[in-house]
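Observations on chain architecture
Given next are the chains, with one letter for each unit.
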Amino acid sequence: MGFTDRITGYSGSGFVRTGSSLRGYCTTAEGYPCELTYCREGPLKALTVYGNSVQNGTPSADSPAEITGVGDRTANLLEINDVTHTTAAYIVNNDVPCKPNTDYRITFKISAETETQIVLAVKNSAGDAVTKQTIVRGKEGTTDIDFNSGDTEILKIAMYHDIYNNVITPVRIYDFGIMSKDTAYEPYGYKLPLIMSGENNEQQSFNIYLDERLNKTGSISDTIELDIKNKNAVLTKRIGHLLFNGDEAWVADATSTDGEYRYQIFSFNNYITTDNNSNAAMCTHLTAGATWTTSYRFGLSGSLNRLYIRTDGSPIGVFKTWLKEQYTASTPVEIYYQYETPIVTDISDKINWDAIPELWKGTVTITLGTQIPPLNITAEYYAAKK
């Protein structure tokens, strides 16, 4: 006979009563890997994953050190969640990186008030068509298109649809994705595969998909918190990210006594200053420090809402050229910094709650199958009495 657990609120027959009380208690485990002991069979109550950032070396202007956070890129090259196409020609995306000589599949859905004709053109960087297909659908339709990328590494994607009596029928496009042909659909962004392993070699996993990685600078990190019982999920971003291509509104500051230049960028806020805490930010090419006295340093001003970067004291044109060269070489200058006010987002609708495994009896270990491990995991669960 089933019953409802008055502690957890879950219904079922897997909980044990002794007289009028339930055996077990709510407890928390933390660490990485995160080990849950004396587990009672059933669902987790809550789970929190803490971000991390790893830099592969000491940064320098000529030899950048990449910074990688928690989360691995999904197989999806491009995604359009929900747009309404109201023009005769619609550029989906002009620069989609891909692997040469690879079979890809484009999947998307359309919705229109009347039957319409859509032509999807996928071209390489030279403008030569890789594939071109006409799709005729009524109000609803799902389309898969297969093609080989040939020798191209960049795809250009455009859609066209017909005009009837000088009227364009609006078409809603959603769930658009490009993946290798044999790969199951994944959302565009980053994947966090959480793996649960039992003491008797049981193992299950489920994926969390995010738009960006979970990062960390100093002792501060991003977090994702899952309230599994109530199906609520919150992403708290405490780490911001800047990426430069040389086109930003940089302004030269020539106030140093030796006449050399230091650089600043305006309209920058919501950060923790590096004035007294050099660990509050990290950069791919520079180290934090006094930017007006030491070459190849950066700093976040505590009073002027400005990011300062000093390279070798060259004029601003040389500095911006250097930024552009780094960007073109696929090693852009990037800075990760701490937000003064964290950004909190409800991502409950991004979680597949039904896919979260339940605990086995005994000891269960939770890990993350990402290239960069998290700083920490905490899990709230129900344990049997020892």
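About the cut-offs
- Residues numbered from 1 in each chain as written.
- Predicted model: local features only at pLDDT ≥ 70, side-chain atom pairs only at ≥ 80, totals over all residues.
- Heavy atoms only, no water.
- Helix = DSSP H or I, 4+ residues; strand = E, 2+ residues; numbered from the N terminus.
- Buried < 20%, exposed > 50% of the residue type's maximum accessible area, 1.4 Å probe, protein only.
- Contact = heavy atoms within 4.5 Å.
- Areas by Shrake-Rupley, 256 points an atom, 1.4 Å probe, with all protein chains shown as cover.
- Core = buried A, V, L, I, M, F, W, Y, C linked by side-chain atoms within 4.5 Å.
- Pairing = 2+ DSSP bridges.
- Phe/Tyr/Trp six-rings, centres within 6.5 Å; stacked < 30°, edge-to-face > 60°.
- Salt bridge = Lys/Arg side-chain N within 4 Å of Asp/Glu carboxyl O.
- pLDDT = per-residue confidence, 0-100.
- Expected span 1.5 Å × (residues − 1).
- Disulfide = S-S within 2.5 Å.
- Polar contact = N/O pair within 3.5 Å; in protein donor to acceptor, adjacent residues only side chain to side chain.

Comments concerning the overall build of the protein
Scanning the protein from terminus to terminus reveals one helix and 35 strands. Across the 386 residues of the protein, 45% fall into the buried class. Across the protein, the fraction of contacts at a sequence separation of at least 24, relative to all contacts at a separation of at least 6, is 72%. Summed over its atoms, the accessible surface of the protein is roughly 19,500 Å², and 45% of this surface lies on carbon and sulfur atoms.

Notes on the nonpolar core
Leu36, Leu44, Leu47, Leu194, Ile208, Leu226 and Ile366 are the most contacted members of the largest nonpolar core, which totals 34 residues. Those elements that place two or more of their residues in this core are strand S6 (34-39), strand S7 (46-50), strand S21 (190-198), strand S22 (203-210), strand S25 (223-227), strand S26 (232-244), strand S34 (362-368) and strand S35 (376-383). The leading source of residues in this core is S35, at four residues. If we skip the residues at most four places from it in the chain, Leu226 touches Lys45, Ala46, Leu47, Phe206, Ile208, Asn232, Ala233, Ile351 and Trp353.

So, the side chain of Asp222
Within the secondary structure, Asp222 is located in the loop between strand S24 (220-221) and S25. Excluding residues that lie within four positions of it along the chain, Asp222 makes contacts with Val49, Tyr50, Gly51, Arg213, Leu214, Asn215, Thr236, Lys237, Arg238 and Ile239.

Some details on the pairing of S7
For S7, the tally of buried residues reaches four of five residues, placing the bulk of the element in the interior. Across five bridges, S7 lies against S25 in antiparallel orientation. Residue pairing for S25: Thr48 is matched across the bridge by Glu225. Pairing geometry for S7 and S35, over five bridges, is antiparallel. Paired with Val49 across the bridge in S35 is Ile377.

Here we look at unusual backbone geometry
For residues besides glycine, phi is generally negative; the peptide bonds are generally trans as well. Of note, the bond from Tyr32 into Pro33 is cis; its omega dihedral lies within 30 degrees of zero at -5 degrees. Here Pro33 shows up in the loop between strand S5 (25-31) and S6. Residue Lys231 is not a glycine yet carries a positive backbone phi of 55 degrees. Assignment of secondary structure puts Lys231 in the loop between S25 and S26. Judged by its relative accessible area of 44%, Lys231 is partly exposed.

Side note on the packing of aromatic side chains
Each aromatic ring pair is summarised here by two numbers: the centre-to-centre distance and the angle between the ring planes. In the structure shown here, the tally under the stated rule is five aromatic pairs. With a centroid separation of 6.1 Å and an interplanar angle of 35 degrees, the aromatic rings of Phe319 and Trp322 are classed as tilted. With Phe319 and Trp322 both in helix H1 (residues 316-328) and three residues apart, this pair spans about one turn of that helix. Taken as a pair, Phe319 and Trp322 share a single burial class, namely buried. A ring pair is formed by Tyr337 and Tyr339, whose centres lie 5.6 Å apart and whose planes are at 85 degrees; its orientation type is edge-to-face. Since its relative accessible area comes to 6%, Tyr337 is described here as buried.

Comments concerning the pattern of salt bridges
Throughout the structure, instances matching the rule amount to eight salt bridges. A salt bridge links Glu380 to Lys45; the nearest nitrogen and oxygen atoms lie 3.5 Å apart. With Glu380 in strand S35 and Lys45 in the loop between S6 and S7, this pair connects stretches of sequence that are 335 residues apart. Given the relative accessible area of 25%, Glu380 is considered partly exposed. With relative accessibility at 23%, the residue Lys45 sits in the partly exposed group. Here Asp247 makes a salt bridge to Lys324, at a shortest N to O gap of 2.8 Å. Taken together, the residues Asp247 in the loop between S26 and strand S27 (250-253) and Lys324 in helix H1 connect sequence positions 77 residues apart.

Focus on the side chain of Thr48
Mapped onto the secondary structure, Thr48 falls in strand S7. Given a relative accessible area of 13%, Thr48 falls into the buried group.

Let's talk about the confidence of the model for the protein
Caution applies to low-pLDDT regions: their predicted coordinates should not be interpreted in detail. Put simply, the protein has an average pLDDT of 82, and 81% of its residues get 70 or more. Predicted confidence for residues 1-21 stays below pLDDT 50, and this span has 39 contacts to residues more than four positions away or in other chains.

Observations regarding H1
Taking 1.5 Å per residue as the helical rise, H1 with its 13 residues ought to reach 18 Å, and the 18 Å between its terminal C-alpha atoms agrees with that figure. Once H1 finishes, Ser330 follows within two positions and takes phi at roughly 65 degrees, a positive value.

Regarding the state of the cysteines
Using the criterion set out here, one finds zero disulfides in the structure. Its sulfur unpaired, Cys34 is 9.4 Å from the next cysteine sulfur, which belongs to Cys39.

Notes on the pairing of strand S31 (residues 297-300)
Of the strand pairs in this sheet, strand S30 (residues 287-288) and S31 are connected by two bridges, and their pairing is parallel. Residue Ala288 lies in a different strand from S31, and its bridge partner there is Phe298. Bridge analysis of S31 against strand S32 (residues 307-310) gives four bridges, and the strand direction is antiparallel. In the strand pairing of S32, Phe298 is matched with Ile309.

Structural notes on the environment of Glu202
Tracing the backbone through its elements, the reader meets Glu202 in the loop between S21 and S22. For Glu202, a relative accessible area of 22% puts it in the partly exposed group. Separated by 162 residues in the primary sequence, Glu202 and Val364 have C-alpha atoms spaced 9.0 Å apart. Not counting chain neighbours up to four residues away, the residues in contact with Glu202 comprise Met196, Ser197 and Trp360. From its side chain, Glu202 meets the backbone nitrogen of Glu199 in a polar contact 3.5 Å long.

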